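An overview of the molecular structure
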Amino acid sequence: MKPNRILIVEDDPHIRRFVRTALEAEDFTVFEADNVGRALIEAGSRQPELFIVDLGLPDRDGRELVTELRAWSSAPVIILSARDREEDKVAALDAGADDYLVKPFGVPELLARVRAQLRRSAVNGGQDPSAQVRFGEVWVDLAAREVKRGVEAVHLTPIEYRLLAALIKGHGRVMTHHQLLMAVWGRTPPAATTTCASTWAICARSSKPTRPSRSTC
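Description of the structure in this document. These numbers come from a predicted model, not from an experiment.

Cut-off values and rules
- Residues numbered from 1 in each chain as written.
- Predicted model: local features only at pLDDT ≥ 70, side-chain atom pairs only at ≥ 80, totals over all residues.
- Heavy atoms only, no water.
- Salt bridge = Lys/Arg side-chain N within 4 Å of Asp/Glu carboxyl O.
- Buried < 20%, exposed > 50% of the residue type's maximum accessible area, 1.4 Å probe, protein only.
- Helix = DSSP H or I, 4+ residues; strand = E, 2+ residues; numbered from the N terminus.
- Pairing = 2+ DSSP bridges.
- Core = buried A, V, L, I, M, F, W, Y, C linked by side-chain atoms within 4.5 Å.
- Contact = heavy atoms within 4.5 Å.
- Arc of directions from axis to C-beta.
- Polar contact = N/O pair within 3.5 Å; in protein donor to acceptor, adjacent residues only side chain to side chain.

1. Re the pattern of salt bridges
Counted under the stated rule, the structure contains 18 salt bridges. Residue Asp61 is joined to Arg63 by a salt bridge in which the shortest nitrogen-to-oxygen separation is 3.4 Å. The class for Arg63 is partly exposed, based on a relative accessible area of 32%. Across the salt bridge formed by Arg149 and Glu137, the nearest N and O atoms sit 3.4 Å from each other. Taken together, the residues span a long stretch of sequence, with Arg149 in strand 8 (residues 146-149) and Glu137 in the loop between strand 6 (132-135) and strand 7 (138-141) at a distance of 12 residues. A residue is classified by how much of its surface remains accessible, and Arg149, at 35% relative accessible area, is partly exposed. Exposure remark for Glu137: the relative accessible area of 46% places this residue in the partly exposed category. Within this structure, Arg16, Arg20, Glu24 and Glu32 form a network of salt bridges that share partners.

In structure tokens form, the structure reads like this:
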């Protein structure tokens, strides 16, 4: 059986090395990232089965990373942070994290939480049952981040893909404008026209060429 792949997202190199050493001693395959941008690249290419994420990252808040991951991945996320306020824990869990461990931490507890999350993921099949969606000629694989129209691959920008994934995840549910913006950007973007531009781009690539009106946007 292949060892589980784990991505550590932590900007402190000492903590990153410490956690990596502990995980590799348990035969996990470990990858590293020191910011959100790099983490998204590693997540897409490595397809880890569990994430360990710090909140205080240099380019963006770790909660934004969790929000983006939840648009396409059901892999467990453990937050490892020095923030110990209840509101920080609640916000991270509401963003999609599965567990929260406060620094400083003990290695046995971290490993126990990792094993527990991987067991839970294995029981659930390790994959979101709605990871593959088809509507008309369009097929979306949320786990692999692939979109096809017929046999042709559809190339979307990161914003376009996150918007499409958020709409798929929210199918059948009422989503407020704020919830949609948080799902796509992790925060309110500087201009609402960004939403319209992305929506138009996705509609142009869809099986039905009808684009939304400006009033719809």
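2. A look at the sheet that holds strand 7
Spatially, the four strands line up as an open sheet ordered 6-7-8-9, and their pairing is antiparallel. On the outer flanks of this sheet lie strand 6 and strand 9 (152-153), each paired with one strand and no other. Both strand 8 and strand 9 contribute to a ladder of two bridges, which runs antiparallel. Following the sheet pairing, Lys148 is matched in strand 9 by Ala153.

3. A short note on the nonpolar core
Generally speaking, a soluble globular protein has its nonpolar side chains buried in company with each other. With 33 residues, the main nonpolar core has Phe51, Leu65, Val77 and Ile79 as its most contacted residues. Residues in contact with Val77, not counting those within four places in the same chain, are Phe51, Val53, Val66, Leu69, Arg70, Ala97, Asp98 and Asp99. Counting residues in hydrophobic clusters, the runner-up holds 16 residues, among them Phe105, Leu111, Val114 and Leu118.

4. Quick notes on helix 2 (residues 36-46)
All buried positions along helix 2 are accounted for by Val36, Ala39, Leu40, Glu42 and Ala43. Around the axis of helix 2, the buried residues are gathered within 165° of arc, so they sit on the same side. Contact partners of the buried residues in helix 2: strand 1 (5-9), strand 2 (29-33), strand 3 (50-53) and helix 3 (62-70). Measuring from the side-chain oxygen of the N-cap residue of helix 2 to the backbone nitrogen of Gly37 gives 3.2 Å; that N-cap residue is Asn35. Backbone geometry just after helix 2 places Gln47 at a positive phi near 50°.

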